[in-house]
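Breakdown of the fold
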Amino acid sequence: MISRQYWRLDARPEGHDYDAALSLVEEPVEAPADGHVLVEAQYLSMDPGVRVWMTAREDGYSPPIPLGTPMQGQFIGRVVQSAHPDFAEGDLVRGFGHWATHSTVDPALAGLAKLDEDVADVRDHFGVLGLNGWTALCGLTHVLELKEGETVLVSAAAGATGSVVCQIARNMGCTVIGIAGSDEKCAWLTEDLGINSAINYKTQDVAAELEKIEGGIDVYFENVGGDLLDAALPNMALYGRIGICGLITGYTSESGNPGPAHFDQILMKRLTVKGIFLPDFMAEGRDYYPPLREMYDQGNLVGEFDETQGIENVLNAFTRLMTGKNTGKVIVALGQD
Ligand SMILES: NC(=O)c1ccc[n+]([C@@H]2O[C@H](COP(=O)([O-])OP(=O)(O)OC[C@H]3O[C@@H](n4cnc5c(N)ncnc54)[C@H](OP(=O)(O)O)[C@@H]3O)[C@@H](O)[C@H]2O)c1
């Protein structure tokens, strides 16, 4: 019989003390029931949004993960047993399952998708070609209706989602300004990804830097919230658009995020503020893949990884993500081919 290891949520974490709240558990795996598929994971995706599901907050976009149950997240892996007609042993797939070596899933509920293997790096099916890429493209084009030549500001710009936003906006002929948490990340954004400028929010006065933008910011792709949203609001262009994709500054809070001090600028500048939530657009995901793949194949969309090895090190990887140690997509490699 196959056995699996998975991370179980035992308690609501305090801050970033994940060791005290989760434990690695081993259990036998049954053969999948009718309509289900057993997948052996090759890679796990680390995503900040799951930090909100670790809290007891009932007002998030997903309910809290019940204590005593497996942590949820995305995997890329191979089907090892299938009781579903659309999936066969050996298929390379991506879906939502557990922080685990193996996940048994209902394909419809897990969003299980067979993956192209003719990509330069299958790990890109998480980042630039996966849900981060879809979020960036859908957010910029569908939600924010970005136009060529506009001025775009991106927070957490060197992360998985932000770095794709930067590249798509650059490809569309926009002026792109990134905000990130180190000089190394800022150099990667301007020198490697070729965006126009980058601001290190830990060492620079972000509001003062944004004041220098002639004509103001047309589109702000927000991944962080807090002080950065407050720095951006007074520096938006008249009729500017803000897409709230993430508010990572508040994800450890059990009581939610305070609103911005410069809320009045929404009126003064006649701004449009919209939430960007990929699951609302999952059905359109297949439409987002071809344009992303075209940019990728042409070398106009590149992924970067922060990779940790081994199921036992998942909490280290998640802590790296939540404390800004990463450039690009945070993943855990489990060692299977
Ligand atoms: N709405 C959706 O459908 C959707 C889908 C995917 C992602 N998201 C959101 O998009 C954002 C980025 O997600 P991602 O997966 O691409 O992660 P990521 O950007 O690769 O990693 C998170 C980054 O946030 C930055 N950060 C800024 N302030 C922080 C703070 N106070 N605490 C911790 N980190 C902080 C860190 O970089 P620096 O501090 O160095 O800049 C860190 O690298 C998150 O808010 C996530 O929830 C939303």
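Residues numbered from 1 in each chain as written. Predicted model: local features only at pLDDT ≥ 70, side-chain atom pairs only at ≥ 80, totals over all residues. Heavy atoms only, no water.

1. Regarding the packing of aromatic side chains
For the record, the criterion: Ring geometry is summarised as follows: Phe, Tyr and Trp rings, the Trp one being its six-membered ring, pair when their centres sit within 6.5 Å, and such pairs are stacked at plane angles under 30 degrees, edge-to-face over 60 and tilted between the two. Only DSSP runs of H or I reaching four residues or more are called helices, and only runs of E reaching two or more are called strands; each is numbered from the N terminus. Each residue is assigned to one of three classes by its accessible area relative to the maximum for its type, calculated with a 1.4 Å probe on protein chains only: buried under 20%, partly exposed between the two thresholds, exposed over 50%. Should the NZ of a Lys or the CZ of an Arg lie within 6 Å of a ring centre and within 35 degrees of the ring normal, that charge is described as sitting over the ring.
One pass over the structure, following the stated rule, counts 3 aromatic pairs. A ring pair is formed by Tyr18 and Phe318, whose centres lie 5.0 Å apart and whose planes are at 70°; its orientation type is edge-to-face. Remark: Phe318 occurs in helix H10 (residues 314-322) and Tyr18 occurs in the loop between strand S1 (3-9) and strand S2 (22-28); sequence separation between them is 300 residues. Neither Tyr18 nor Phe318 differs from the other in exposure class; each is buried. Among the aromatic side chains, those forming a connected cluster through ring pairs are Tyr18, Trp99 and Phe318. Its guanidinium or amino end placed over the ring of Phe87, Lys114 lies 5.7 Å from that ring's centre, counting from NZ or CZ. Here Arg123 stacks its cationic end above the ring of Phe305, 4.0 Å away from the centre of that ring.

2. As for the environment of Leu22
Stated formally: Here, residues are in contact when the closest pair of their heavy atoms is within 4.5 Å.
Within the secondary structure, Leu22 sits in strand S2. For the pair formed by Leu22 and Phe263, sequence separation is 241 residues and the distance between their alpha carbons is 37 Å. Each residue touching Leu22, except ones within four places of it in the same chain, is listed here: Trp7, Arg8, Leu9, Asp10, Met54, Met71, Trp99 and Leu315.

3. Considerations on the side chain of Ser155
This is how the line gets drawn: Whenever two N or O atoms come within 3.5 Å, that pair is a polar contact, provided that in protein one can donate a hydrogen and the other can accept it, and provided that, for residues adjacent in sequence, both atoms are side-chain atoms.
Inspection of the secondary structure puts Ser155 in the loop between strand S9 (151-154) and helix H4 (160-171). Looking at Ser155, its side chain comes within polar contact range of the main-chain nitrogen of Val224, at 3.5 Å. Once residues within four sequence positions are removed from consideration, Ser155 is found in contact with Gly162, Ile179, Tyr220, Phe221, Glu222, Asn223, Val224 and Leu228.

4. Focus: the sheet that holds strand S4 (residues 69-70)
Put simply, the rule reads: We call two strands paired when DSSP finds no fewer than two bridges between them.
The 3 strands lie next to each other as S2-S1-S4, forming an open sheet whose pairing is antiparallel. Edge positions in the open sheet fall to S2 and S4, since each of these has one partner strand only.

5. Regarding the domain arrangement of the protein
What counts is decided by this rule: Residue ranges labeled as domains rest on an automatic or database domain assignment. Salt bridge criterion: a side-chain nitrogen from Lys or Arg within 4 Å of a carboxyl oxygen from Asp or Glu. Ten residue types, Ala, Val, Leu, Ile, Met, Phe, Trp, Tyr, Cys and Pro, are classed as nonpolar, four, Asp, Glu, Lys and Arg, as charged, and the remainder, Gly among them, as polar.
When the domains of the protein are assigned, the result is domain 1 (3-127 + 303-333) and domain 2 (131-279). With centres defined by C-alpha atoms, the gap from domain 1 to domain 2 works out at 28 Å. Counting residues at the interface gives 24 residues for domain 1, matched by 18 residues for domain 2. For the pair domain 1 and domain 2, the interface holds 0 salt bridges. Put simply, domain 1 and domain 2 have 7 residue pairs in polar contact (both at pLDDT 80 or more) between them. The set of elements that each furnish at least two residues to the side of domain 1 that touches domain 2 consists of helix H1 (49-54) and strand S6 (92-98). Counting residues per element, the side of domain 1 that touches domain 2 draws most heavily on H1, at 3 residues. Classifying every residue of the side of domain 1 that touches domain 2 gives 7 nonpolar, 11 polar and 6 charged.

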